[in-house]
Amino acid sequence: MGLLAFFKRQPKTASIAKERLRIIVAQERSQRGGPDYLPLLRRELLEVIRKYVNVDPDAIVVTVEKEDGHEVLELSVALPEKNAQPAG
Amino acid sequence: MTEIIVVTSGKGGVGKTTTSASLSCGLARRGKKVAVIDFDIGLRNLDLVMGCERRVVYDFVNVIHGDCTLKQALIKDKRLDSLFILAASQTRDKDALSVEGVKKVLDELTEDGFDYIICDSPAGIEKGAHLAMYFADRAIVVVNPEVSSVRDSDRILGLLASKTQKAEKGEGSVKEHLLLTRYSPRRVAAGEMMSVDDVKEILGIDVIGVIPESPDVLSASNAGTPVILQENSDAARAYEDAVGRLLGETIPLRFLEEPKKGFFARVFGG
(Lines give C-alpha, C1' and ligand atoms only; values in the text may rest on other atoms or scores of the structure.)
Protein backbone atom coordinates (compact mmCIF):
# COMPACT_ATOMS: atom_id res chain seq x y z
CA MET A 1 0.00 0.00 0.00
CA GLY A 2 0.94 3.61 -0.09
CA LEU A 3 1.75 5.89 -2.99
CA LEU A 4 2.66 3.21 -5.48
CA ALA A 5 -0.55 1.28 -5.00
CA PHE A 6 -2.51 4.51 -5.29
CA PHE A 7 -1.30 5.13 -8.82
CA LYS A 8 -1.36 1.51 -9.98
CA ARG A 9 -5.10 0.86 -9.92
CA GLN A 10 -6.16 -2.73 -9.44
CA PRO A 11 -9.12 -4.19 -11.31
CA LYS A 12 -12.06 -4.81 -8.97
CA THR A 13 -11.84 -8.56 -8.69
CA ALA A 14 -14.50 -8.74 -5.98
CA SER A 15 -17.21 -7.78 -8.46
CA ILE A 16 -15.91 -10.38 -10.92
CA ALA A 17 -16.12 -13.01 -8.18
CA LYS A 18 -19.65 -11.98 -7.30
CA GLU A 19 -20.85 -12.12 -10.89
CA ARG A 20 -19.26 -15.54 -11.54
CA LEU A 21 -20.76 -16.92 -8.34
CA ARG A 22 -24.18 -15.51 -9.10
CA ILE A 23 -24.26 -17.42 -12.39
CA ILE A 24 -22.81 -20.74 -11.20
CA VAL A 25 -24.89 -20.82 -8.01
CA ALA A 26 -28.11 -20.14 -9.94
CA GLN A 27 -27.23 -22.90 -12.40
CA GLU A 28 -26.39 -25.40 -9.67
CA ARG A 29 -29.54 -24.57 -7.73
CA SER A 30 -31.70 -25.20 -10.78
CA GLN A 31 -30.22 -28.70 -11.13
CA ARG A 32 -30.54 -29.46 -7.44
CA GLY A 33 -33.11 -31.95 -6.30
CA GLY A 34 -33.42 -33.48 -9.77
CA PRO A 35 -32.60 -37.15 -10.37
CA ASP A 36 -28.88 -37.98 -10.59
CA TYR A 37 -29.24 -39.31 -14.14
CA LEU A 38 -30.26 -35.95 -15.63
CA PRO A 39 -26.78 -34.72 -16.65
CA LEU A 40 -25.94 -38.05 -18.32
CA LEU A 41 -29.33 -38.23 -20.01
CA ARG A 42 -28.83 -34.72 -21.29
CA ARG A 43 -25.39 -35.56 -22.69
CA GLU A 44 -26.57 -38.72 -24.44
CA LEU A 45 -29.60 -36.95 -25.91
CA LEU A 46 -27.30 -34.26 -27.21
CA GLU A 47 -25.17 -36.88 -28.95
CA VAL A 48 -28.19 -38.49 -30.61
CA ILE A 49 -29.69 -35.18 -31.73
CA ARG A 50 -26.35 -34.04 -33.12
CA LYS A 51 -26.32 -37.00 -35.50
CA TYR A 52 -29.18 -35.29 -37.30
CA VAL A 53 -29.07 -31.60 -36.48
CA ASN A 54 -26.07 -29.52 -35.55
CA VAL A 55 -27.38 -27.98 -32.36
CA ASP A 56 -25.52 -26.01 -29.75
CA PRO A 57 -24.56 -27.81 -26.52
CA ASP A 58 -26.65 -25.20 -24.68
CA ALA A 59 -29.66 -25.75 -26.91
CA ILE A 60 -30.92 -28.74 -24.94
CA VAL A 61 -32.72 -28.22 -21.66
CA VAL A 62 -33.86 -31.24 -19.67
CA THR A 63 -35.93 -30.63 -16.56
CA VAL A 64 -38.10 -32.65 -14.24
CA GLU A 65 -41.15 -30.80 -12.99
CA LYS A 66 -43.44 -31.97 -10.22
CA GLU A 67 -47.13 -31.50 -11.01
CA ASP A 68 -50.01 -32.74 -8.85
CA GLY A 69 -48.18 -35.76 -7.49
CA HIS A 70 -46.60 -36.88 -10.77
CA GLU A 71 -43.34 -35.91 -12.40
CA VAL A 72 -42.98 -34.63 -15.93
CA LEU A 73 -39.70 -34.98 -17.79
CA GLU A 74 -39.48 -32.01 -20.09
CA LEU A 75 -37.07 -31.89 -22.99
CA SER A 76 -36.64 -28.73 -24.97
CA VAL A 77 -34.36 -28.46 -27.99
CA ALA A 78 -33.77 -25.17 -29.72
CA LEU A 79 -33.05 -25.90 -33.39
CA PRO A 80 -30.73 -23.68 -35.42
CA GLU A 81 -32.45 -21.15 -37.67
CA LYS A 82 -31.42 -22.54 -41.06
CA ASN A 83 -31.63 -26.22 -42.00
CA ALA A 84 -28.31 -27.26 -40.57
CA GLN A 85 -26.25 -30.07 -41.99
CA PRO A 86 -25.79 -33.21 -39.87
CA ALA A 87 -22.74 -32.89 -37.73
CA GLY A 88 -19.72 -34.98 -38.64
CA MET B 1 -34.93 -27.83 25.65
CA THR B 2 -31.80 -28.96 23.86
CA GLU B 3 -30.82 -27.26 20.65
CA ILE B 4 -28.55 -29.06 18.21
CA ILE B 5 -26.37 -26.76 16.11
CA VAL B 6 -24.13 -27.96 13.30
CA VAL B 7 -21.11 -25.91 12.30
CA THR B 8 -20.49 -26.77 8.67
CA SER B 9 -19.03 -25.36 5.44
CA GLY B 10 -18.32 -27.85 2.68
CA LYS B 11 -14.85 -26.46 2.05
CA GLY B 12 -12.03 -27.26 4.44
CA GLY B 13 -9.86 -24.79 6.31
CA VAL B 14 -12.43 -22.00 6.58
CA GLY B 15 -12.66 -22.04 10.38
CA LYS B 16 -15.28 -24.61 11.39
CA THR B 17 -13.34 -25.94 14.37
CA THR B 18 -12.25 -22.45 15.48
CA THR B 19 -15.89 -21.41 15.29
CA SER B 20 -17.21 -24.51 17.11
CA ALA B 21 -14.69 -23.99 19.91
CA SER B 22 -15.43 -20.29 20.31
CA LEU B 23 -19.22 -20.52 20.09
CA SER B 24 -19.36 -23.38 22.59
CA CYS B 25 -17.11 -21.46 25.02
CA GLY B 26 -19.21 -18.33 24.54
CA LEU B 27 -22.45 -20.18 25.26
CA ALA B 28 -20.96 -21.91 28.31
CA ARG B 29 -19.61 -18.61 29.62
CA ARG B 30 -23.19 -17.35 29.59
CA GLY B 31 -24.20 -20.22 31.84
CA LYS B 32 -25.49 -22.65 29.21
CA LYS B 33 -24.69 -26.33 29.50
CA VAL B 34 -22.87 -27.13 26.27
CA ALA B 35 -21.45 -30.25 24.63
CA VAL B 36 -19.24 -29.85 21.59
CA ILE B 37 -18.70 -32.92 19.42
CA ASP B 38 -15.94 -33.47 16.84
CA PHE B 39 -17.49 -35.34 13.90
CA ASP B 40 -14.25 -35.45 11.91
CA ILE B 41 -13.69 -39.16 12.33
CA GLY B 42 -10.11 -40.12 11.53
CA LEU B 43 -8.76 -36.58 11.89
CA ARG B 44 -9.16 -35.40 15.45
CA ASN B 45 -8.66 -31.62 15.81
CA LEU B 46 -11.17 -30.01 18.12
CA ASP B 47 -9.37 -31.30 21.23
CA LEU B 48 -6.21 -29.42 20.16
CA VAL B 49 -8.04 -26.17 19.52
CA MET B 50 -9.80 -26.55 22.88
CA GLY B 51 -6.53 -27.43 24.61
CA CYS B 52 -7.62 -30.79 26.01
CA GLU B 53 -5.72 -33.14 23.66
CA ARG B 54 -3.86 -34.88 26.49
CA ARG B 55 -7.03 -35.62 28.40
CA VAL B 56 -8.73 -37.69 25.68
CA VAL B 57 -9.26 -41.22 26.97
CA TYR B 58 -12.40 -42.29 25.17
CA ASP B 59 -13.93 -40.84 22.02
CA PHE B 60 -17.22 -40.54 20.12
CA VAL B 61 -16.90 -43.95 18.44
CA ASN B 62 -16.06 -45.63 21.78
CA VAL B 63 -19.37 -44.35 23.14
CA ILE B 64 -21.30 -45.56 20.10
CA HIS B 65 -19.68 -49.00 20.32
CA GLY B 66 -20.41 -49.21 24.03
CA ASP B 67 -16.72 -49.40 25.02
CA CYS B 68 -17.44 -46.76 27.65
CA THR B 69 -20.26 -44.61 28.94
CA LEU B 70 -20.95 -41.14 27.56
CA LYS B 71 -20.01 -39.70 30.95
CA GLN B 72 -16.58 -41.33 30.76
CA ALA B 73 -15.94 -39.94 27.27
CA LEU B 74 -17.07 -36.36 27.89
CA ILE B 75 -14.08 -34.16 28.74
CA LYS B 76 -14.96 -31.38 31.15
CA ASP B 77 -13.41 -28.08 30.15
CA LYS B 78 -10.90 -26.73 32.67
CA ARG B 79 -11.96 -23.12 32.19
CA LEU B 80 -15.74 -23.37 32.04
CA ASP B 81 -17.75 -25.66 34.33
CA SER B 82 -20.67 -26.22 31.99
CA LEU B 83 -18.67 -27.08 28.86
CA PHE B 84 -17.92 -30.64 27.72
CA ILE B 85 -15.97 -31.94 24.74
CA LEU B 86 -16.47 -35.24 22.93
CA ALA B 87 -13.39 -36.01 20.85
CA ALA B 88 -13.38 -37.59 17.40
CA SER B 89 -12.11 -41.11 17.00
CA GLN B 90 -8.89 -41.64 15.08
CA THR B 91 -10.10 -44.87 13.54
CA ARG B 92 -9.70 -45.25 9.79
CA ASP B 93 -13.00 -47.09 9.57
CA LYS B 94 -15.28 -44.77 7.62
CA ASP B 95 -18.37 -46.60 8.79
CA ALA B 96 -17.60 -46.11 12.48
CA LEU B 97 -20.43 -43.59 12.71
CA SER B 98 -24.02 -44.51 11.99
CA VAL B 99 -27.29 -42.61 12.12
CA GLU B 100 -28.48 -44.81 15.01
CA GLY B 101 -25.21 -44.41 16.92
CA VAL B 102 -25.21 -40.63 16.57
CA LYS B 103 -28.88 -40.48 17.57
CA LYS B 104 -28.16 -42.52 20.70
CA VAL B 105 -25.46 -40.09 21.84
CA LEU B 106 -27.52 -36.98 21.03
CA ASP B 107 -30.56 -38.43 22.84
CA GLU B 108 -28.50 -39.15 25.92
CA LEU B 109 -27.06 -35.62 25.94
CA THR B 110 -30.61 -34.28 25.62
CA GLU B 111 -31.73 -36.39 28.60
CA ASP B 112 -28.77 -35.12 30.60
CA GLY B 113 -30.14 -31.60 30.26
CA PHE B 114 -27.65 -30.04 27.87
CA ASP B 115 -28.86 -26.71 26.50
CA TYR B 116 -26.73 -26.80 23.37
CA ILE B 117 -25.01 -29.53 21.40
CA ILE B 118 -22.51 -28.12 18.89
CA CYS B 119 -21.62 -30.55 16.10
CA ASP B 120 -18.28 -29.67 14.49
CA SER B 121 -18.63 -31.05 10.97
CA PRO B 122 -15.77 -32.38 8.88
CA ALA B 123 -15.13 -30.76 5.48
CA GLY B 124 -16.69 -32.26 2.39
CA ILE B 125 -20.13 -33.71 1.77
CA GLU B 126 -19.40 -37.31 2.74
CA LYS B 127 -20.82 -39.39 5.56
CA GLY B 128 -19.26 -37.49 8.48
CA ALA B 129 -20.61 -34.17 7.22
CA HIS B 130 -24.00 -35.75 6.56
CA LEU B 131 -24.24 -37.20 10.07
CA ALA B 132 -23.07 -33.95 11.69
CA MET B 133 -25.99 -32.09 10.10
CA TYR B 134 -28.61 -34.85 10.14
CA PHE B 135 -30.20 -34.10 13.53
CA ALA B 136 -29.54 -30.35 13.56
CA ASP B 137 -32.09 -27.73 14.53
CA ARG B 138 -29.84 -24.95 13.29
CA ALA B 139 -26.83 -24.70 11.05
CA ILE B 140 -23.99 -22.25 11.10
CA VAL B 141 -22.43 -22.20 7.65
CA VAL B 142 -18.86 -20.92 7.91
CA VAL B 143 -17.75 -19.10 4.78
CA ASN B 144 -14.63 -17.26 3.66
CA PRO B 145 -15.34 -14.38 1.25
CA GLU B 146 -13.76 -16.36 -1.56
CA VAL B 147 -15.32 -18.06 -4.61
CA SER B 148 -14.80 -21.75 -3.84
CA SER B 149 -15.91 -21.40 -0.23
CA VAL B 150 -19.11 -19.59 -1.24
CA ARG B 151 -19.94 -22.13 -3.92
CA ASP B 152 -19.35 -25.08 -1.57
CA SER B 153 -21.50 -23.43 1.07
CA ASP B 154 -24.35 -23.29 -1.38
CA ARG B 155 -24.01 -27.05 -1.90
CA ILE B 156 -24.21 -27.47 1.87
CA LEU B 157 -27.34 -25.32 1.98
CA GLY B 158 -28.86 -27.68 -0.59
CA LEU B 159 -28.04 -30.67 1.62
CA LEU B 160 -29.43 -28.95 4.72
CA ALA B 161 -32.68 -28.47 2.85
CA SER B 162 -32.95 -32.08 1.72
CA LYS B 163 -30.74 -34.52 3.63
CA THR B 164 -31.56 -33.76 7.26
CA GLN B 165 -34.06 -35.44 9.56
CA LYS B 166 -36.24 -32.32 9.55
CA ALA B 167 -36.34 -32.29 5.74
CA GLU B 168 -36.90 -36.03 5.37
CA LYS B 169 -39.71 -36.17 7.92
CA GLY B 170 -41.24 -32.91 6.78
CA GLU B 171 -40.80 -31.38 10.24
CA GLY B 172 -39.94 -27.89 9.11
CA SER B 173 -36.46 -26.84 8.14
CA VAL B 174 -33.04 -26.39 9.68
CA LYS B 175 -32.52 -22.74 10.49
CA GLU B 176 -29.49 -21.53 8.54
CA HIS B 177 -27.05 -18.82 9.54
CA LEU B 178 -24.07 -17.43 7.70
CA LEU B 179 -20.81 -16.80 9.56
CA LEU B 180 -18.08 -15.08 7.57
CA THR B 181 -14.50 -15.61 8.69
CA ARG B 182 -11.16 -14.11 7.64
CA TYR B 183 -12.92 -10.91 6.67
CA SER B 184 -10.61 -8.11 5.66
CA PRO B 185 -12.35 -4.70 5.62
CA ARG B 186 -9.32 -3.17 3.96
CA ARG B 187 -9.47 -5.57 1.03
CA VAL B 188 -13.25 -5.19 0.76
CA ALA B 189 -12.82 -1.41 0.57
CA ALA B 190 -10.20 -1.89 -2.16
CA GLY B 191 -12.59 -4.05 -4.17
CA GLU B 192 -10.35 -7.09 -3.75
CA MET B 193 -12.70 -9.09 -1.54
CA MET B 194 -16.43 -9.72 -1.65
CA SER B 195 -18.34 -7.86 1.04
CA VAL B 196 -20.72 -9.32 3.63
CA ASP B 197 -23.61 -8.04 1.53
CA ASP B 198 -22.23 -9.69 -1.62
CA VAL B 199 -21.99 -13.10 0.05
CA LYS B 200 -25.34 -12.67 1.77
CA GLU B 201 -26.98 -11.80 -1.52
CA ILE B 202 -25.53 -14.84 -3.33
CA LEU B 203 -26.40 -17.34 -0.61
CA GLY B 204 -29.62 -15.71 0.55
CA ILE B 205 -29.33 -16.44 4.28
CA ASP B 206 -29.02 -14.19 7.33
CA VAL B 207 -25.63 -13.28 8.79
CA ILE B 208 -24.94 -14.32 12.39
CA GLY B 209 -21.39 -13.07 12.52
CA VAL B 210 -18.44 -11.60 10.67
CA ILE B 211 -15.05 -12.48 12.11
CA PRO B 212 -12.27 -10.16 10.97
CA GLU B 213 -9.01 -11.64 9.73
CA SER B 214 -6.84 -11.65 12.82
CA PRO B 215 -3.48 -13.03 13.95
CA ASP B 216 -5.22 -13.83 17.26
CA VAL B 217 -6.93 -16.85 15.69
CA LEU B 218 -3.60 -18.59 15.07
CA SER B 219 -2.13 -17.64 18.43
CA ALA B 220 -5.29 -18.93 20.12
CA SER B 221 -5.07 -22.31 18.44
CA ASN B 222 -1.32 -22.42 19.13
CA ALA B 223 -2.12 -22.06 22.81
CA GLY B 224 -5.20 -24.29 22.84
CA THR B 225 -7.38 -21.45 24.08
CA PRO B 226 -10.45 -20.72 21.94
CA VAL B 227 -10.03 -17.25 20.47
CA ILE B 228 -13.24 -15.96 22.10
CA LEU B 229 -11.44 -16.15 25.46
CA GLN B 230 -8.65 -13.78 24.34
CA GLU B 231 -8.77 -10.32 25.78
CA ASN B 232 -8.61 -7.21 23.60
CA SER B 233 -9.16 -9.13 20.40
CA ASP B 234 -11.54 -8.06 17.65
CA ALA B 235 -12.00 -11.68 16.61
CA ALA B 236 -13.02 -12.53 20.19
CA ARG B 237 -15.49 -9.63 20.27
CA ALA B 238 -16.93 -10.66 16.91
CA TYR B 239 -17.46 -14.24 18.16
CA GLU B 240 -19.02 -12.93 21.37
CA ASP B 241 -21.46 -10.89 19.26
CA ALA B 242 -22.31 -14.03 17.28
CA VAL B 243 -23.06 -15.89 20.53
CA GLY B 244 -25.43 -13.09 21.52
CA ARG B 245 -27.21 -13.26 18.17
CA LEU B 246 -27.45 -17.04 18.52
CA LEU B 247 -29.28 -16.41 21.79
CA GLY B 248 -31.69 -14.07 20.03
CA GLU B 249 -30.15 -10.70 20.89
CA THR B 250 -30.13 -7.95 18.30
CA ILE B 251 -26.54 -6.81 17.91
CA PRO B 252 -25.36 -4.73 14.94
CA LEU B 253 -22.43 -6.13 12.94
CA ARG B 254 -19.07 -4.49 13.64
CA PHE B 255 -15.49 -4.67 12.32
CA LEU B 256 -16.83 -4.22 8.78
CA GLU B 257 -14.74 -1.14 8.23
CA GLU B 258 -11.05 -0.59 8.40
CA PRO B 259 -9.86 1.38 11.42
CA LYS B 260 -8.88 4.89 10.35
CA LYS B 261 -5.16 5.33 9.79
CA GLY B 262 -3.14 8.42 10.45
CA PHE B 263 -1.77 10.62 7.65
CA PHE B 264 1.71 9.08 7.60
CA ALA B 265 0.41 5.52 7.59
CA ARG B 266 -1.80 6.33 4.61
CA VAL B 267 0.96 7.92 2.57
CA PHE B 268 3.80 5.56 3.36
CA GLY B 269 1.81 2.36 3.83
CA GLY B 270 1.42 0.46 7.04
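Residues numbered from 1 in each chain as written. Chains lettered and ligands numbered in written order. Predicted model: local features only at pLDDT ≥ 70, side-chain atom pairs only at ≥ 80, totals over all residues. Heavy atoms only, no water.

Caption draft 1: The arrangement of the overall build of chain A in detail. Tallying secondary structure elements over chain A gives three helices and two strands in all. In sequence order, the secondary structure elements of chain A are arranged as α-α-α-β-β. Buried residues in chain A amount to 16% of all 88 residues. Put simply, of all contacts in chain A between residues at least 6 apart along the chain, 33% involve residues at least 24 apart. By element, 55% of the accessible surface of chain A is carried by carbon and sulfur atoms, the whole surface being about 7400 Å². (Helix = DSSP H or I, 4+ residues; strand = E, 2+ residues; numbered from the N terminus. Buried < 20%, exposed > 50% of the residue type's maximum accessible area, 1.4 Å probe, protein only. Contact = heavy atoms within 4.5 Å. Areas by Shrake-Rupley, 256 points an atom, 1.4 Å probe, with all protein chains shown as cover.)

Caption draft 2: Summary view of the pattern of salt bridges. By the definition in use, this model includes 21 salt bridges over all chains. Between Arg-30 of chain B and Glu-240 of chain B there is a salt bridge whose closest N-O contact spans 3.1 Å. Placement of Arg-30 of chain B in the loop between helix H1 (16-29) and strand E2 (34-38) and of Glu-240 of chain B in helix H12 (residues 234-246) is noted, with a sequence separation of 210 residues between them. Relative accessible area serves as the criterion here: at 34%, Arg-30 of chain B is assigned to the partly exposed category. Judged by its relative accessible area of 21%, Glu-240 of chain B is partly exposed. Between Asp-107 of chain B and Lys-103 of chain B there is a salt bridge whose closest N-O contact spans 2.9 Å. Taken together, the residues span about one helical turn, with Asp-107 of chain B and Lys-103 of chain B both in helix H5 (residues 99-111) at a distance of four residues. Take Lys-103 of chain B: its relative accessible area is 38%, and that puts it in the partly exposed class. Several salt bridges converge on common partners, so that one network encompasses Lys-18, Glu-19 and Arg-22 of chain A together with Asp-198 and Glu-201 of chain B. (Salt bridge = Lys/Arg side-chain N within 4 Å of Asp/Glu carboxyl O.)

Caption draft 3: Up close: the environment of Glu-176 of chain B. Residue and element names in this part refer to chain B. With respect to the helices and strands, Glu-176 occurs in strand E7 (residues 175-183). Sequence separation of Glu-176 and Ala-139 is 37 residues, and the distance between their C-alpha atoms is 4.8 Å. Residues contacting Glu-176, with those up to four places away along its chain left out, are Ala-139, Leu-157, Leu-160, Ile-205 and Asp-206.

Caption draft 4: Looking closely at the packing of helix H2 (residues 13-31) of chain A against helix H7 (residues 147-162) of chain B. Where H2 of chain A contacts H7 of chain B, the two axes come as close as 10 Å, and the packing angle between them is 25°. As the angle between them shows, H2 of chain A and H7 of chain B are arranged roughly parallel. Considering how the two elements wind past one another, H2 of chain A and H7 of chain B form a crossing that is right-handed. Of H7 of chain B, the residues touching H2 of chain A (which contributes Ala-17, Arg-20, Leu-21, Ile-24, Val-25, Glu-28 and Arg-29 of chain A) are Val-147, Val-150, Arg-151, Asp-154 and Leu-157 of chain B. Partitioning the contact of H2 of chain A with H7 of chain B into residue classes produces seven nonpolar, no polar and five charged. (Axes fitted to C-alpha atoms, helices over the stretch in contact; angles between N-to-C directions. Parallel < 35°, antiparallel > 145°, perpendicular 65-115°, else oblique. Left-handed = near helix turned anticlockwise from the far one by under 90°. Nonpolar A, V, L, I, M, F, W, Y, C, P; charged D, E, K, R; others polar.)

Caption draft 5: Inspection of the packing of aromatic side chains at higher detail. Residues and elements named next belong to chain B. For the structure on display, the rule yields three aromatic pairs over all chains. Look at Phe-84 and Phe-114: their rings are 5.6 Å apart centre to centre, the planes differ by 85°, and that puts the pair in the edge-to-face class. Placement of Phe-84 in strand E4 (residues 83-86) and of Phe-114 in the loop between H5 and strand E5 (116-120) is noted, with a sequence separation of 30 residues between them. Comparing Phe-84 with Phe-114 shows no difference in burial state: the two are buried. Across the ring face of Phe-114, the terminal group of Lys-33 is positioned such that the distance to the ring centre comes to 4.5 Å. (Phe/Tyr/Trp six-rings, centres within 6.5 Å; stacked < 30°, edge-to-face > 60°. Lys NZ or Arg CZ within 6 Å of the ring centre and 35° of its normal.)

Caption draft 6: Region of interest: the sheet that holds E7 of chain B. All names here are of chain B. Strand order in the open sheet made by the eight strands is E3-E4-E2-E5-E1-E6-E7-E8, with mixed pairing throughout. Of all the strands in the sheet, the pair left with one neighbour each is strand E3 (75-76) and strand E8 (206-212). Relative to E4, E3 runs antiparallel, the two being bridged by two bridges. Residue pairing for E4: Ile-75 is matched across the bridge by Ile-85. Its contacts with the sheet place H12 against strand E1 (3-8), strand E6 (138-143), E7 and E8, and it is angled at close to 165° to E8. (Pairing = 2+ DSSP bridges.)

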